[in-house]
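These are the residues of each chain, in order.
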Amino acid sequence: MGGGPAALLARLRGDAARRPLVDPGLAGGLREWLEDGVADLVPERAAAGPPLIVDRWALVPGARPVDGPAVTTALARDLMVGALFRQFVVTGRIGDPVADALAALRVDDRDDSVMEFLRRLPLDERSSLHRQVAAHARLLVTRWPPVAPGWLPKTADRVSVPLAGGRIVLSAVLDLVLGAPAGDRASVCVVDVRSGERRAEHRDDLHFLGLLETVRAGAPPFRLATYYTATGEVDVEDVDDALLSEAVLRTIDGVRRALPAAKAAA
Amino acid sequence: MIPTTLPAAALPRARTLTDALLSPAGPAPAPAALDALRARLAAGLAAVGPASGPVLRIDAFALRTATGADAGAAGRPFRWTPRTARRTLGVAAVRHCLVGGGRTPAEAVAASAARLVEDARHGLARRGTPAAWLASLPGGARAQVLAEATTWATHLYEAVEWHRLARPPAVGAPDRWWDCPGPVAVALRGRADARFPLPGGGEALLTMVAGRPGPSGRVELGLAALVDVVARPTARPPSRVVGWWPECGRALVLAVDLGLLSETAGSVTEAVRRAAGDRRPGPVHECAIEVPAAA
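What you are looking at is a predicted structure, and each value in this text was computed from that prediction instead of being measured. (Residues numbered from 1 in each chain as written. Chains lettered and ligands numbered in written order. Predicted model: local features only at pLDDT ≥ 70, side-chain atom pairs only at ≥ 80, totals over all residues. Heavy atoms only, no water.)

1. Comments concerning the domain arrangement of chain A
Residue and element names in this part refer to chain A. Along its sequence, chain A is organised into domain 1 (5-66 + 148-265) and domain 2 (73-143). Look at where the C-alpha atoms of domain 1 and domain 2 centre, and you get two points 25 Å apart. With both sides pooled, the region where domain 1 packs onto domain 2 buries about 1,300 Å², and carbon together with sulfur makes up 57% of that total. Considering only the surface of domain 1 that becomes buried against domain 2, Thr155, Ser195 and Thr229 emerge as the three largest contributors, covering 38% of it. Where domain 1 meets domain 2, there are zero salt bridges. Scanning the region where domain 1 abuts domain 2 turns up five residue pairs in polar contact (both at pLDDT 80 or more). Among the elements of the structure, helix 1 (5-13), strand 2 (154-163), strand 3 (168-178) and strand 4 (189-194) are those that each provide at least two residues to the side of domain 1 that touches domain 2. (Domains from an automatic or database assignment. Buried area = accessible area lost by both parts, 1.4 Å probe. Salt bridge = Lys/Arg side-chain N within 4 Å of Asp/Glu carboxyl O. Polar contact = N/O pair within 3.5 Å; in protein donor to acceptor, adjacent residues only side chain to side chain. Helix = DSSP H or I, 4+ residues; strand = E, 2+ residues; numbered from the N terminus.)

Next up, the structure:
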């Protein structure tokens, strides 16, 4: 699981010659499957309202999809560490990790609620959070490999897959996408970055990201990875039809659960 | 959501998109029909637009919010953020990638940003410009701007097979403006991320759009062509406009014909009518733009 930056990079990139050929009908087939699965859930007359946004949080049983994740210390840490990850991938350096992370949140108006949460956080909890962020940053700069610009890295890459004429939108942010778009062979690796502990459901999340990337790009990624900034470990999975099929079923199931919850909250 | 036109199974996507951009141009609309369209648009705007006060600027964002989409963003004051600054850095970066030197989008964004910051340090950047803003940011914030611009530029760089182009495209050329003639304070802004000269004359315009195609997607793309038609009456109009939504991997390829131009002109007039509000109310039917019979 461990190893230095070079070993980690090798796990993300794999052997280029052994990457699978792309089935040109796969992405379209998955989209049709998703469309069929949600077709009876939203009446066409409902087209005027805002779409139901289904993200990874909405797929969690019991979630309230309209609320999104509540701001907690864990979410704040995730966003701060995520910003540092993005900074390190793009610039190759981190200065004062807490100052850099706070500056990153401050410059983006979508993170205003997190800044407000941090302002209200008791001093001891804020200090603890800052210590955690600094520890993650230390590990990041020693464990994460430099990414060659030629691999065309994209960070915080947004994906949205509209279904049912746009009335349902599957949505995700890919923390890191490596590799040029696919031609005949799968060529992309998608990395999800986590600042929390390793959990079993992270695999489901990762498969959801892989499904969305497949439908968006017209070709599946050859590999999916979860990078844990607390330990520097990475879990990787090769993408195959079975993985994507499971993700379709789970997504349809999640949309079925999310829709009544969204209606009830409206 | 509007239907989009690239086959999902065709890979790589850039080949299909480049084929669509570079395919031979169809016949341009008749000059007389374009003259009639200009006159109708000017008359429609004169009927509904403000006669005085600040100039009402209509761009693709205004057309989107006029349909009710993205309504939350409509009243928000503009501020520089990684998202609002990414195009400025992104188009400059792609231009650098295309002139040679083997730069990648990430390297080119870093170089473009460094140049802007250097300009600001030497007093060459006006207040409120991206350069001045970027130079004022601490390292952590500036890194997010670079990251966002790199992702944007990489999407544009990956969208087209640039090596196939016989003539260099104009990437990130300045926006084009048209001030409505007469006593009406309305200006239209046309923006394309890249303009591709076509064999035999004419241009294809490519615009990369965030999110997913919405109800106003056609007219948002059509606006760049409409501004070309009204602002440069002696030039050949663009032959097609192509919208590319990298977030959902969809493209919309539209021939610039009288149907698209008239539909766009109608939406512009309606957006002006709404924006002008009670300054100069007018019934909707006054601003309808009909396709001339010659079409």
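2. Observations concerning the sheet that holds strand 7 (residues 240-245) of chain B
All names here are of chain B. The five strands are arranged 2-5-6-7-8 in an open sheet whose pairing can be described as mixed. The two strands at the open ends of the sheet, each matched to only one other strand, are strand 2 (170-171) and strand 8 (250-255). As paired elements, strand 2 and strand 5 (residues 194-197) share two bridges and run antiparallel to each other. Pairing of Val171 across the sheet is with Ala194, part of strand 5. Contacts from helix 1 (residues 13-22) reach strand 5, strand 6 (203-208), strand 7 and strand 8 within the one sheet, and its direction differs from that of strand 7 by about 160 degrees. (Pairing = 2+ DSSP bridges. Contact = heavy atoms within 4.5 Å. Axes fitted to C-alpha atoms, helices over the stretch in contact; angles between N-to-C directions.)

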